[in-house]
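Report on the structure
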2 protein chains.
Amino acid sequence: MSAAIDELQAIIAELKSELEEQKTTTRNARERIERMSAEVVDSNPYSRLMALQRMNIVKDYERIRDKAVAIVGVGGVGSVTADMLTRCGIGKLILFDYDKVELANMNRLFFTPDQAGLSKVEAAARTLSFINPDVCIETHNYNITTVDNFDQFLSTISASGIAVGQPVDLVLSCVDNFEARMAINAACNEKNMNWFESGVSENAVSGHIQFVRPGDTACFACAPPLVVAENIDERTLKREGVCAASLPTTMGITASLLVQNALKYLLNFGEVSDYLGYNALSDFFPKMTLRPNTQCDDRNCLVRQKEFHLRPKPVEKLVEVEVSDEPLHACNDWGIELVADNVPTTTTKSPENTNVAFGLRLAYEAPDKSEKSETTATAGDGVSEASLEELMAQMKSM
Amino acid sequence: MSAAIDELQAIIAELKSELEEQKTTTRNARERIERMSAEVVDSNPYSRLMALQRMNIVKDYERIRDKAVAIVGVGGVGSVTADMLTRCGIGKLILFDYDKVELANMNRLFFTPDQAGLSKVEAAARTLSFINPDVCIETHNYNITTVDNFDQFLSTISASGIAVGQPVDLVLSCVDNFEARMAINAACNEKNMNWFESGVSENAVSGHIQFVRPGDTACFACAPPLVVAENIDERTLKREGVCAASLPTTMGITASLLVQNALKYLLNFGEVSDYLGYNALSDFFPKMTLRPNTQCDDRNCLVRQKEFHLRPKPVEKLVEVEVSDEPLHACNDWGIELVADNVPTTTTKSPENTNVAFGLRLAYEAPDKSEKSETTATAGDGVSEASLEELMAQMKSM
């Protein structure tokens, strides 16, 4: 009898251990790696990245471990962005989101149906740590646009870099609304931090990325979209049939272009695009540079603009101006520059005629035509009305 | 005593059930869905895709369930391609690969470290079925380039479509070597099937997709790359330090562009690109159309060319020719057409001067210059030597 009990208890011990193993096996798929190695063996997760050095693309790839990136919005674009940076072996990722994973998100990459109901930052952090335990993942499960949370957001991006008290190296905006973009913009203007804005259109067939360097390129408030969704509950919008379409392809391209340009910036290779658009229907990729609006509503943007003008310019910057000799209407592959502060005044549609659908509102009033002569174009840059209309169309589809 | 045994047995039963649940929970995250619904609720995985109809992008999105796609190569590009099509709710996916998942693949999306050692098709099929149980996944774990396997590959793509005995709707090549591309090309020329070729460069900073419609656009044998890796064991190549670099970004963009164009073709929206390149360093996206080589080595290509010329042309095709009025050197965004069969003869570098690195060989001898007058340019299409050199450079980096 007592022998039988011993046997049963042995079975219980075995089952418990198997259950424990089953639960933890997916948490520890590989050990942490102290230093990145270039050794070409199947077991080295960094061999193909370190090969970028031998291919003369990147000098000292391992510097990526000294970089911290904040990702705001961990949805269709943000989650793939985090996945790529994690697989590239970034030093630290700080994730911000306050949404939950839903089955309705399964038409985009990254999240899996079993994660439905989990907070996006928690679900993402689990998957990312599992994929690459070498990356430090920090999560913030709140809406950055409320007053208290904004302060916390501001202090996090400006003091949670790799070194204690230092800012992160880059902020990536992967949010889906106007208010959050304006909050990131305000924070980065205040702290003088570079960031990338990204977005996909609600018809799922276009996207863009934009590099904001306070004072140097236009900030989000310099040329905000003309039409934005009203500040009403997202769920109401969805039920009213304004639910946006989305595709894993368009989200994937936007995230890939975002991370590729972030890598070029962080590891100093290739040319970082200031603005890169994507139109899926025609495979068209417009490129341009937006200069700051001298009458921007953001006070810190004006401060950064002054600082930028006082800064000594590197020689490369002057050479870039020559590019504007290219024909204006041919294409934007050669970095044709548009001046953002002319945008409102050259818009041909008046706000009254703009076809604003239910649930949308004009974000601001277009300035009076008479102000036109006061806005200053950057000397030497080409400005064309047709191109500006295209730009406005892109901005509207944000 | 007997009560204690009952209690222990109850514990065992409970632990067994918990263990079983733990093992299967990740296999059945959601039930299968009979019909795609456009209902906007958090629990509907298809709401954002069906919204493409309301946005006037796609008519009858649910037709995607009647489509079967073969993906050859389930690596950095193929796995993401399969992931996207699965999340889009494709009817059937047929995966071909004979490689195993390694930790060295973790710098690209999709596979996870716990899958190291599994065959790529098996690991992919598990993940894909878990993400979307509505998709029918079929796997083939063999190298398509051997004689026997080639026959099996040929019969699979031509008879394993949605309807029994019908061909798949599209073949996507996501392989990383010359022989496999030539095998897919031979199969699709023989069976008169449309396919997309894709590739990323070994320095990880460029990629491309190419749409091959037998007889209509150039096949892979019409203008093959000039330099290819020798047919030696891949592992040897890796050890000798020729290991290719790769980035999740470049692989992600290539896969996204591939699937986006596959969706446009399968669901009939937007314009499908014939050739679309991507240069990561400058964010440049060349576009062009390659016409078939009238002296192509593939006998079936010549048959398809004859058939194509006898086929009545749709009116849209004739209109396209007008596009070649655009300036030749400005950019390729407007579909400037290059004639593929001139490529070898206009190459300025002779094969002797080509800088062929260790482990590489010339794939074929460039024809004698005297043959130049015999190659026929398609009437009305612009041909420029400078552009052809760019094209060759792209081909070489495949």
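Residues numbered from 1 in each chain as written. Chains lettered and ligands numbered in written order. Predicted model: local features only at pLDDT ≥ 70, side-chain atom pairs only at ≥ 80, totals over all residues. Heavy atoms only, no water.

Brief notes about the overall build of chain A
The helix and strand tally for chain A stands at twelve helices and eleven strands. Going through the 398 residues of chain A one by one, you find that 56% of them count as buried. Long-range contacts, defined here as pairs at least 24 residues apart, represent 69% of the contacts in chain A between residues at least 6 apart. Of the roughly 16,900 Å² that chain A leaves accessible, carbon and sulfur atoms contribute 50%. (Helix = DSSP H or I, 4+ residues; strand = E, 2+ residues; numbered from the N terminus. Buried < 20%, exposed > 50% of the residue type's maximum accessible area, 1.4 Å probe, protein only. Contact = heavy atoms within 4.5 Å. Areas by Shrake-Rupley, 256 points an atom, 1.4 Å probe, with all protein chains shown as cover.)

Points about the interface of chain A and chain B
If you look at the interface, chain A gives 90 residues, while chain B gives 90 residues. Across the interface of chain A and chain B, roughly 8,200 Å² is buried in total on both sides, 67% from carbon and sulfur atoms. Among the residues chain A hides against chain B, the three largest losses belong to Asp42(A), Arg48(A) and Arg87(A). Together they make up 10% of the total. Here chain A and chain B share two salt bridges between them. The partner of Asp283(A) in a salt bridge is Lys264(B), and the shortest N-O contact between them spans 3.5 Å. For the side of chain A that touches chain B, the elements supplying multiple residues, two or more each, are α1 (2–25), α2 (47–54), α3 (78–87), α4 (120–131), α7 (234–242), α8 (248–267) and β8 (275–279) of chain A. Broken down by element, the residue count for the side of chain A that touches chain B peaks at 13 residues, all from α1(A). (Buried area = accessible area lost by both parts, 1.4 Å probe. Salt bridge = Lys/Arg side-chain N within 4 Å of Asp/Glu carboxyl O.)

Observations regarding the nonpolar core
Residues Tyr61(A), Leu93(A), Leu95(A), Tyr61(B), Leu93(B) and Leu95(B) are the most contacted members of the largest nonpolar core, which totals 120 residues. Filtering out sequence-adjacent residues up to four positions away, Leu93(B) remains in contact with Val69(B), Ile71(B), Ala82(B), Leu85(B), Thr86(B), Leu128(B), Val135(B), Cys136(B), Ile137(B) and Glu138(B). (Core = buried A, V, L, I, M, F, W, Y, C linked by side-chain atoms within 4.5 Å.)

Re the UniProt feature "binding site: ATP" in chain A
All names here are of chain A. Those places that UniProt annotates as "binding site: ATP" correspond, in this numbering, to Gly76, Asp97, Lys120, Asn143 and Asn177. What makes Lys120 buried here is its relative accessible area of 6%. By the element assignment, Asn177 lies in the loop between β4 (170–173) and α6 (178–191). Classification of Asn177 as partly exposed rests on a relative accessible area of 26%. Polar side-chain contacts of Asn177 include one of 3.3 Å to the backbone nitrogen of Glu179. (UniProt positions renumbered as here; feature names shortened; annotations may be inferred. Polar contact = N/O pair within 3.5 Å; in protein donor to acceptor, adjacent residues only side chain to side chain.)

What about α2(A)?
Residue and element names in this part refer to chain A. Counting buried residues in α2 gives six out of eight residues, a clear majority hidden from the surface. Buried within α2 we find Ser47, Arg48, Leu49, Met50, Ala51 and Leu52. Of the residues flanking the end of α2, it is Asn56, one or two places downstream, whose phi is positive at about 60°.

With respect to the relation of the copies chain A and chain B
Superposition of chain A onto chain B requires a rotation of 180° combined with a translation of 0.0 Å along the rotation axis, giving an RMSD of 0.1 Å. Within this description, the copies of the chain are treated as partners about a two-fold rotation axis. Here 100% of the interface residues in chain A have copies in chain B that are interface residues too; the copies meet face to matching face. (Least-squares fit on C-alpha atoms with pLDDT ≥ 70 in both.)

Regarding the side chain of Asp274(A)
Residues and elements named next belong to chain A. Along the polypeptide, Asp274 turns up in the loop between α8 and β8. Of the polar contacts made by the side chain of Asp274, one reaches the side chain of Thr289; its length is 2.8 Å. Asp274 has contacts with Ile209, Gln210, Phe211, Arg213, Thr217, Met288 and Thr289, leaving out every residue within four places of it along the chain.

Topic: the packing of aromatic side chains
Taken as a whole and judged by the stated rule, the model has 16 aromatic pairs over all chains. Ring geometry for Phe150(B) against Phe153(B): centres 6.5 Å apart, planes inclined by 50°, an arrangement best described as tilted. Taken as a pair, Phe150(B) and Phe153(B) lie in helix α5 (residues 147–159) at a separation of three residues, close to a single helical turn. Both residues of the pair, Phe150(B) and Phe153(B), count as buried. Aromatic rings pair up to connect Tyr278(A), Phe285(A), Tyr278(B) and Phe285(B) into one cluster. Here the guanidinium or amino end of Lys313(A) rests over the ring plane of Phe308(A), the centre of that ring lying 4.4 Å away. (Phe/Tyr/Trp six-rings, centres within 6.5 Å; stacked < 30°, edge-to-face > 60°. Lys NZ or Arg CZ within 6 Å of the ring centre and 35° of its normal.)

As for the UniProt feature "binding site: Zn(2+)" in chain A
Residue and element names in this part refer to chain A. Look at the UniProt record and you will see "binding site: Zn(2+)" annotated at Cys219, Cys222, Cys296 and Cys301. Despite a sequence span of 83 residues, these residues sit close together in the fold, their greatest C-alpha distance being 8.5 Å. Locating Cys219 in the fold gives a position in the loop between β6 (206–212) and β7 (227–229). Owing to a relative accessible area of 2%, Cys219 belongs among the buried residues under this scheme. The contacts of Cys219, once residues within four sequence positions are left out, are Asn185, Asn189, Val212, Cys296 and Cys301. By the element assignment, Cys296 lies in the loop between β9 (287–291) and α9 (299–310). Setting aside residues no more than four positions away along its own chain, Cys296 makes contact with Cys219, Ala221, Cys222, Cys301, Leu302 and Gln305.

Details of the pairing of strand β3 (residues 136–140) of chain B
All names here are of chain B. Of the pairings in the sheet, the one linking strand β2 (residues 92–96) to β3 comprises five bridges and is parallel in character. Within the sheet, the bridge partner assigned to Phe96 lies in β3 and is His140. Between the parallel pair β2 and β3, the chain is carried across by helix α4 (residues 120–131), and the sense of this crossover is right-handed. (Pairing = 2+ DSSP bridges. Right-handed = clockwise from strand over helix to strand, strands pointing away.)

Observations concerning the confidence of the model for chain A
Averaged over chain A, the pLDDT score is 81; the fraction of residues at 70 or greater is 73%. A low-confidence stretch, residues 235–240 of chain A (pLDDT under 50), is modelled with 13 contacts involving residues beyond four sequence positions or located in other chains. (pLDDT = per-residue confidence, 0-100.)

Some points on the environment of Ser129(B)
Residues and elements named next belong to chain B. For Ser129, the location among the structural elements is in helix α4. Take Ser129: its relative accessible area is 32%, and that puts it in the partly exposed class. Considered as a pair, Ser129 and Ala29 are 100 residues apart in the sequence and their alpha carbons are 9.9 Å apart. A polar atom in the side chain of Ser129 sits 2.8 Å from the backbone oxygen of Ala125.

A short note on the side chain of Asp283(B)
Counting through the fold element by element, Asp283(B) comes out in the loop between β8 (275–279) and β9 (287–291). Judged by its relative accessible area of 0%, Asp283(B) is buried. Side chain to side chain, Asp283(B) and Asn261(A) meet in a polar contact 3.0 Å long. A polar side-chain atom of Asp283(B) sits 3.5 Å from a polar atom in the side chain of Lys264(A).

Some points on the pairing of strand β6 (residues 206–212) of chain B
All names here are of chain B. Summarising burial for β6: seven of the seven residues are buried, a large majority. Both faces of β6 are covered, namely the face carrying Ser206, His208, Gln210 and Val212 and the face carrying Gly207, Ile209 and Phe211. Strand direction decides the pairing type here: strand β5 (residues 195–200) and β6, joined by six bridges, are antiparallel. Residue Trp195 lies in a different strand from β6, and its bridge partner there is Val212. Hairpin connection between β5 and β6: a loop of five residues separates the two successive antiparallel strands, and Ala204 in this loop has a positive phi of roughly 75°. In this structure, β6 lies alongside β8, joined through five bridges in antiparallel fashion. Across the sheet, residue His208 finds its bridge partner in β8, namely Gly277.

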